[in-house]
Amino acid sequence: MAASLARLVRGGLGRGYNLARSSSLQQQQSRQQSSTETRPTIRPSDAVTHSQLSAFGEYVAEMMPKYIQQVEVTCYNELEVMIHPDGVIPVLTFLKDHTNTQFRIMTDLTAVDVPSRQNRFEIVYHLLSMRYNSRIRIKTYTDELSPVDSAVPVFIAANWYEREVWDMFGVFFANHPDLRRILTDYGFEGHPLRKDFPLSGYVEVRYDDELKRVVAEPVELSQEFRKFDLNSPWEVFPAHREPKEAAAKLEAGDAPSEKK
Amino acid sequence: MAGLLKKTTGLVGLAVSHSPHEHLSILYSKILASLEGMPRDAAYRKYTEQLISERFDHVKAEADVEKLEKKLNGGQIEEVILQAECELTLSRKMAEWKPWEPLIEEPPPNQWKWPI
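These numbers were taken from a predicted model, which means no experiment stands behind them.

S.K.: Before we go on, may I ask you to explain the interface of chain A and chain B in this structure?
M.R.: Contacts between the two partners involve 37 residues from chain A and, on the opposite side, 36 residues from chain B. When chain A packs against chain B, the two sides together hide about 3200 Å² of surface, and 60% of this comes from carbon and sulfur. Measuring nitrogen to oxygen at the nearest pair gives 3.4 Å for the salt bridge that ties Arg-131 of chain A to Glu-79 of chain B. Across the contact surface, chain A and chain B share 18 residue pairs in polar contact (both at pLDDT 80 or more).

S.K.: Could you clarify how one ought to interpret the pattern of salt bridges in this entry?
M.R.: Pairs can form between side chains of opposite charge whenever their charged atoms are close. Residues and elements named next belong to chain A. Using the criterion set out here, one finds 22 salt bridges over all chains in the structure. The closest approach of N and O atoms between Glu-80 and Arg-137, which form a salt bridge, is 2.4 Å. Here Glu-80 is found in strand β2 (residues 79-83), whereas its partner Arg-137 is found in strand β5 (residues 134-142), with 57 residues between them in sequence. Looking at Glu-80, the relative accessible area reads 6%, which means it is buried. A salt bridge links Asp-208 to Arg-206, with the nearest nitrogen and oxygen atoms 3.8 Å apart. Residue Arg-206 is classed as partly exposed on the basis of its relative accessible area of 38%. When salt bridges that share partners are traced, they join Glu-78, Glu-80, Arg-117, Glu-122, Arg-137 and Lys-139 into one network.

The rules behind the values
Residues numbered from 1 in each chain as written. Chains lettered and ligands numbered in written order. Predicted model: local features only at pLDDT ≥ 70, side-chain atom pairs only at ≥ 80, totals over all residues. Heavy atoms only, no water. Contact = heavy atoms within 4.5 Å. Buried area = accessible area lost by both parts, 1.4 Å probe. Salt bridge = Lys/Arg side-chain N within 4 Å of Asp/Glu carboxyl O. Polar contact = N/O pair within 3.5 Å; in protein donor to acceptor, adjacent residues only side chain to side chain. Helix = DSSP H or I, 4+ residues; strand = E, 2+ residues; numbered from the N terminus. Buried < 20%, exposed > 50% of the residue type's maximum accessible area, 1.4 Å probe, protein only.

Here is the structure:
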């Protein structure tokens, strides 16, 4: 009885799936035939939203000039607020509690590692306001040894996210209720998402039959590491060109320097 | 009690308020008192005073709860009360933090430069 039921279900589902596939195929064909659009699919730039967001960004920056260093609106209409690391709790509390902002939900807390900078880690907070249907991004910076104030007193959701940032990057959060590893193995050493941590790591684990337990040994790659030179002959970011050399500033009375 | 009270707000943990006008008046006056301690040209004080006085005027003028909700345009009256409580705690914390002072520290050069 169970076998026959199973056969019926499988047959019915299979038939349904085939029907769905063929009908969607027909729909696709008809859509391709009907539309003669040749423009590429680029998101149209929304100037109204952009100006609204910049006005709001100016408002926020005016309210808290002590901590906010920079405010930007990206081309995709995302508001970004860059703050000093001492201002994490004041700015987050302001955005959560103020009547004109009401960003009550924290959707994300991550870090970005840029090793060439003095403060290599950039901590990023994403907030969402249900009342005003808007999102905002707050960015701070820190280096390997300076702690950042934990956002847990303000947003409880930050708990596991901060544990993850600690585990993956090594950023210490002061006043966190329970800062311990969350994704790596129990005795794992190192912070895997840093840019200087290799892809396959430093240790690999295997079960040793003689010792009758799992042992950690240095990793052995079967193939030598290959470094690919991925530079393209074309300029990658044409919109962000650096000026080649700034013209030497002349004091009054100096003769202009000779051109080489 | 003016009119029928609604049975529930529809939101978990938010009980229907029996005297919203009184509650809101107390909260708004407390917020305005807490803002008095800040310098007059602080942007937070300016904008929050403007906002709260506007809402306070609506509360004083309108006796019917539903019409008041529409005028305030902040969701249900219980949500407005909750928001006023948040604003009160915020203004007290702001008085400690003093965010209207100038920037504490400039970022290191090229900190926010992208692409690197």
